[in-house]
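Observations on chain architecture
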Amino acid sequence: MTEPSRERTAEDEGNTRGTDVELVGDAVTINVARAALFAALIGAFSYVSFPNPVSPTPVTLQVLGVFLAGIFLGPIWGGTACVLYIVAGILGAPVFAGGAAGFGVLVGPTAGYLWSMPVAAFTVGMVVHGGFTPSDPKSNGPIRLVSAMVAGTVLIYATGVIGMMFTLDLALSEAFITGAVVLVPAEVLKIAAAVGIVRSDAITAS
Amino acid sequence: MIELRNLTFRYERRSDESRARSHPIVDNVSLTIDDGSFVVLAGPNGSGKTTLVRHFNGLLDPDAGRVAVNGRRVSEDVVAARTAVAMTFQDPRDGFVAPTVRADVAFGPVNLGLEREQINQRVQEALAAVQMGGSERQRIDRLSGGEQARVAIAGALAMRPDHLVLDEPFVGLDEPARQSVLERLEALSTEGMGIVVVTHDLRELCDLADRLLVMSDGQIIHDGPPVSVLDQLSGEVYVPC
Amino acid sequence: MLTYEPGSSIAHRLDPRSKLAVQIGIALAAFSHTTPRGLSFVTVLTGCILAVAALSPLAALQEIRYALPFLVAGPLLSMIVLRPPWLAPPAAIRPALASYRVLLVLLVSVAYVRTTRVRESRAAIQLVVPGRVGRLLGVGVSLVFRFLPVLIADLSRARVAMRARLGTERRLIDRMRIVATTGVRRAFGRADRLGTALRARCFAWNPTLPTLQLAPRDVPFLLLAVALITWSFV
């Protein structure tokens, strides 16, 4: 991360207007826009709740948003989207479950889930695309997609449960009951939904 | 001044091989737009209007031909071109980069690395020019469609451009909002700002514009004062004016 | 929905960096001194912070109600033992203290969000995180604030449209897929148009940095933050 000196470029160009401006490249610009929009989308997903088939706690689509970020943006920019989501939430954007926001969430009961999101999006992206460079997600078989998301789910819930053990001082079994048992079944549905989204022709990302 | 020489652009989502053979969206267009002129670029959907104007400030690179702004090739100094030719887009809602008016209008000047005071001055000046002074702290998503359109114009004006290019500025606006934008364009034009309006809705624009370009199939088929162009067009294409 | 609200409290006029420092201090202190004594001290401090933000404890609690079930469930579960007498209240003491410390940290962060403008938070990020990463975070955060309500509206329109065509009769997985597909499509469409707009406005790595000025009134809060952080490590 070097900042080239402004004076030097200004002299080189010898032009009066705006020549010392170091433009963000076109590819990065579009990726920044996409990462920000996916971060906002993960936040917006926390506002749509569906009835949970196995529990009174409703299901939201945030985790699905994390998977889709990894799938459609690739590991780097999908992970970036999750980082933006968390940072915006810390600074007051009401993006966390139930319209919550603020720094406290990072050490709250759901802290583990949040911390794991960038890693989960990165992992899903790596598995789906087999590397750092995103390819067309449609070109990969459903088995690859499903295993990527299963890995992501395991990661998010394992970290989430560990987070609960730490922040609420619970034993493993207690944290597992509070933080995973009633939520994981719905994840199966989300994985199936995600496969449907990727394999449909509704979305064409270049 | 914006100068295009033999500009050709082909459809972008093709491989290089088929690209060379594909039908161009902009086909060998040469055009000069003088400082301070009010130009309307009309034509049916898909005629290449948006593609053409996106070459003015280097948002697209031509496949052949050259574009220069104020005598300098756009590819050599994109920043100068984007400062001299500011642009607003259809549906300005997707072009706002910040939740509040002030932060959005300041975005361009901030990118140019200007001093704080200069930025504040430009923001106030730009908002005043679109009669949105005093709205600095308002949330953009609480503004009406017409107000949003004018804030988007302010964001472009804050670059202190020589030319303001508006791509379909009236889509989705109701009549009063459309009028408020037209009024502002007239005022800006009177003060010497060069204006290019891309539109398929010519109502009232012909009185304001001093040049009407009609595009069809990637080429400029008519170019002249609105009245005479409309004379030539009569019977050929229906253009409400 | 927890967001900034204009006001004239002392907290509103503090530099966001001192407010962030105090939050970090409180969190560290509450987690390193999770004892009745340590937490009573942090409770008093939390009360003071809410007062500085002119925020009533009840209003602040209201904002964190989403977390309350978790905070209560933890200690309750810990009391249950799988043999007679089935309930062991002493086992709940440590989890209860743990839940309570989280509650305090959450209350303090409500005070931050309520009293800090987006612009100030973004400025703090760009000043604290240097270079391109800071620039990326600053712009990105601003864009998330801008597009969150837009995408929420997109999704709710998608749901209404689905209901209007009796989509509610479809399986849960289909409904999730339809809503999420709309979301992704809109996000991509808006991102592409936004990308063009960013380029037209000379999106640059080296913009004018935002200005934030530490004032004398920030000094006691910065000292408090330093004291809390020090206390956490002794």
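These figures come from a predicted structure and were not determined experimentally. (Residues numbered from 1 in each chain as written. Chains lettered and ligands numbered in written order. Predicted model: local features only at pLDDT ≥ 70, side-chain atom pairs only at ≥ 80, totals over all residues. Heavy atoms only, no water.)

Per the secondary structure count, chain C includes 10 helices and 0 strands. Its helices and strands taken in sequence order, chain C reads α-α-α-α-α-α-α-α-α-α from the N to the C terminus. What you see for chain C is a C-alpha radius of gyration of 23 Å, clearly larger than the 17 Å of a compact globule of 234 residues, by over 25%. With the principal axes as the frame, chain C shows a C-alpha extent of 55 × 55 × 30 Å. For chain C, the residues scored as buried account for 55% of the 234 residues in total. Residue pairs in contact within chain C that sit at least 24 positions apart in sequence constitute 77% of those at least 6 positions apart. Split by element, the accessible area of chain C, about 10500 Å² in all, is 67% carbon and sulfur. In chain C, which carries 30 positive and 9 negative side-chain charges, the distance between the mean positions of the two groups comes to 3 Å. (Helix = DSSP H or I, 4+ residues; strand = E, 2+ residues; numbered from the N terminus. Rg over C-alpha atoms; globule rule 2.2 N^0.38 Å. Buried < 20%, exposed > 50% of the residue type's maximum accessible area, 1.4 Å probe, protein only. Contact = heavy atoms within 4.5 Å. Areas by Shrake-Rupley, 256 points an atom, 1.4 Å probe, with all protein chains shown as cover. Lys, Arg positive; Asp, Glu negative; His and termini not counted. Charge placed at Lys NZ, Arg CZ, Asp CG, Glu CD.)

The next point concerns the side chain of Asp-201 of chain B. Residue and element names in this part refer to chain B. Note that Asp-201 resides in the loop between strand S8 (194–198) and helix H8 (205–208). Given the relative accessible area of 17%, Asp-201 is considered buried. Side-chain polar atoms of Asp-201 contact the side chain of Arg-178, separated by 2.9 Å. Polar side-chain contacts of Asp-201 include one of 2.8 Å to the side chain of Arg-203. (Polar contact = N/O pair within 3.5 Å; in protein donor to acceptor, adjacent residues only side chain to side chain.)

What follows deals with the packing of aromatic side chains. Applying the stated criterion to the full structure yields 8 aromatic pairs over all chains. Ring centres of Phe-72 of chain A and Phe-188 of chain C lie 5.8 Å apart, and the angle between their planes is 80 degrees; on these two criteria the pair is classed as edge-to-face. Within this pair, whereas Phe-72 of chain A is found in helix H3 (residues 62–90), its partner Phe-188 of chain C is found in helix H9 (residues 172–200), the two belonging to separate chains. With a relative accessible area of 6%, Phe-188 of chain C lands in the buried category. Of the aromatic side chains, those joined through ring pairs into one cluster are Phe-38 and Phe-72 of chain A together with Phe-188 of chain C. (Phe/Tyr/Trp six-rings, centres within 6.5 Å; stacked < 30°, edge-to-face > 60°.)

All names here are of chain C. Under the domain assignment, chain C is made up of domain 1 (1–117 + 215–234) and domain 2 (120–209). Taken over C-alpha atoms, the centre of domain 1 sits 30 Å from the centre of domain 2. Contact residues are listed per partner, giving 6 residues for domain 1 and 5 residues for domain 2. Contact between domain 1 and domain 2 buries roughly 520 Å² in total, counting both sides, with carbon and sulfur atoms accounting for 58%. Broken down residue by residue, the surface that domain 1 buries against domain 2 is led by Pro-16, Arg-17 and Arg-117, which jointly contribute 69%. Our count for the domain 1 to domain 2 interface comes out at 0 salt bridges. Applying the counting rule to domain 1 against domain 2 returns 3 residue pairs in polar contact (both at pLDDT 80 or more). Here the side of domain 1 that touches domain 2 gets 3 residues from one element, more than from any other, and that element is helix H2 (residues 16–32). Each residue belonging to the side of domain 1 that touches domain 2 can be placed in one class, and the counts come to 3 nonpolar, 1 polar and 2 charged. (Domains from an automatic or database assignment. Buried area = accessible area lost by both parts, 1.4 Å probe. Salt bridge = Lys/Arg side-chain N within 4 Å of Asp/Glu carboxyl O. Nonpolar A, V, L, I, M, F, W, Y, C, P; charged D, E, K, R; others polar.)

Okay, a negative patch on the surface next. Residues and elements named next belong to chain B. A cluster of acidic residues, Glu-183, Glu-186, Glu-204 and Asp-207, forms a negative patch on the protein surface. If you trace the backbone, Glu-186 turns up in helix H7 (residues 175–190). Given a relative accessible area of 44%, Glu-186 falls into the partly exposed group. (Patch = residues over 30% accessible without salt bridge, like charges linked within 9 Å, V, L, I, M, F, W, Y side chains within 5 Å.)

Bringing the pairing of strand S7 (residues 163–167) of chain B into the picture now. Residue and element names in this part refer to chain B. Most of S7 is tucked away, with 5 of its 5 residues classed as buried. Residues of S7 alternate between two faces, with His-163, Val-165 and Asp-167 on one and Leu-164 and Leu-166 on the opposite face, all of them buried. Taken together, the 4 bridges between strand S6 (residues 85–88) and S7 define a ladder with parallel strand orientation. Across the sheet, residue Ala-86 finds its bridge partner in S7, namely Leu-164. (Pairing = 2+ DSSP bridges.)

Turning next to the UniProt feature "transmembrane region" (unreviewed entry) in chain C. All names here are of chain C. Per the UniProt entry, the sites bearing "transmembrane region" (unreviewed entry) are residues 38–59, 66–86, 92–113 and 133–153 in this numbering. With 82% helix and 0% strand, the stretch residues 38–59 has end C-alpha atoms that lie 24 Å from each other. Across residues 92–113 one finds 95% helix and 0% strand; the C-alpha atoms that close the span lie 31 Å apart. (UniProt positions renumbered as here; feature names shortened; annotations may be inferred.)

Our focus in this paragraph is the nonpolar core. Generally speaking, a soluble globular protein has its nonpolar side chains buried in company with each other. The biggest cluster of nonpolar side chains holds 141 residues, and the ones touching the most others in it are Phe-38, Leu-68, Phe-72 and Tyr-85 of chain A. Looking at this core element by element, the count peaks at 18 residues for H3 of chain A. The residues that make up this core include at least three from each of domain 1 (1–117 + 215–234) and domain 2 (120–209) of chain C. In this view, Leu-68 of chain A contacts Phe-38, Phe-45, Leu-73, Ala-194 and Ile-197 of chain A together with Ala-180 and Val-184 of chain C; residues no more than four positions away in its chain are not counted. (Core = buried A, V, L, I, M, F, W, Y, C linked by side-chain atoms within 4.5 Å.)

Turning our eyes to something else, we now look at the interface of chain A and chain C. Facing 79 residues of chain A, the contacting portion of chain C comprises 70 residues. When the two sides are added together, the surface that chain A and chain C hide from each other amounts to roughly 6700 Å², 79% of it contributed by carbon and sulfur. Counting every contact that joins chain A to chain C gives 4 salt bridges. The partner of Asp-192 of chain C in a salt bridge is Arg-34 of chain A, and the shortest N-O contact between them spans 3.3 Å.

Right, let's get into the interface of chain C and chain B. The interface is formed by 30 residues belonging to chain C together with 34 residues belonging to chain B. Across the interface of chain C and chain B, roughly 2600 Å² is buried in total on both sides, 51% from carbon and sulfur atoms. Of all residues in chain C, Arg-146, Arg-201 and Thr-208 of chain C bury the most surface against chain B, accounting for 31% of the area lost on that side. Where chain C touches chain B, the interface holds 3 salt bridges. With a closest N to O distance of 3.3 Å, Asp-104 of chain B and Arg-201 of chain C form a salt bridge. Counting the contacts that link chain C with chain B gives 14 residue pairs in polar contact (both at pLDDT 80 or more). Listed by contribution, the elements that provide at least two residues to the side of chain C that touches chain B are helix H7 (118–128), helix H8 (131–164) and H9 of chain C. Taken together, the residues that form the side of chain C that touches chain B break down as 16 nonpolar, 5 polar and 9 charged.

The subject of this paragraph is unusual backbone geometry. The backbone phi angle of Arg-160 of chain B is positive, close to 50 degrees, even though this residue is not glycine. Position of Arg-160 of chain B relative to the elements: it lies in the loop between helix H6 (145–157) and S7. Take Arg-160 of chain B: its relative accessible area is 35%, and that puts it in the partly exposed class. Even without being a glycine, Ala-54 of chain C presents a positive backbone phi close to 50 degrees.

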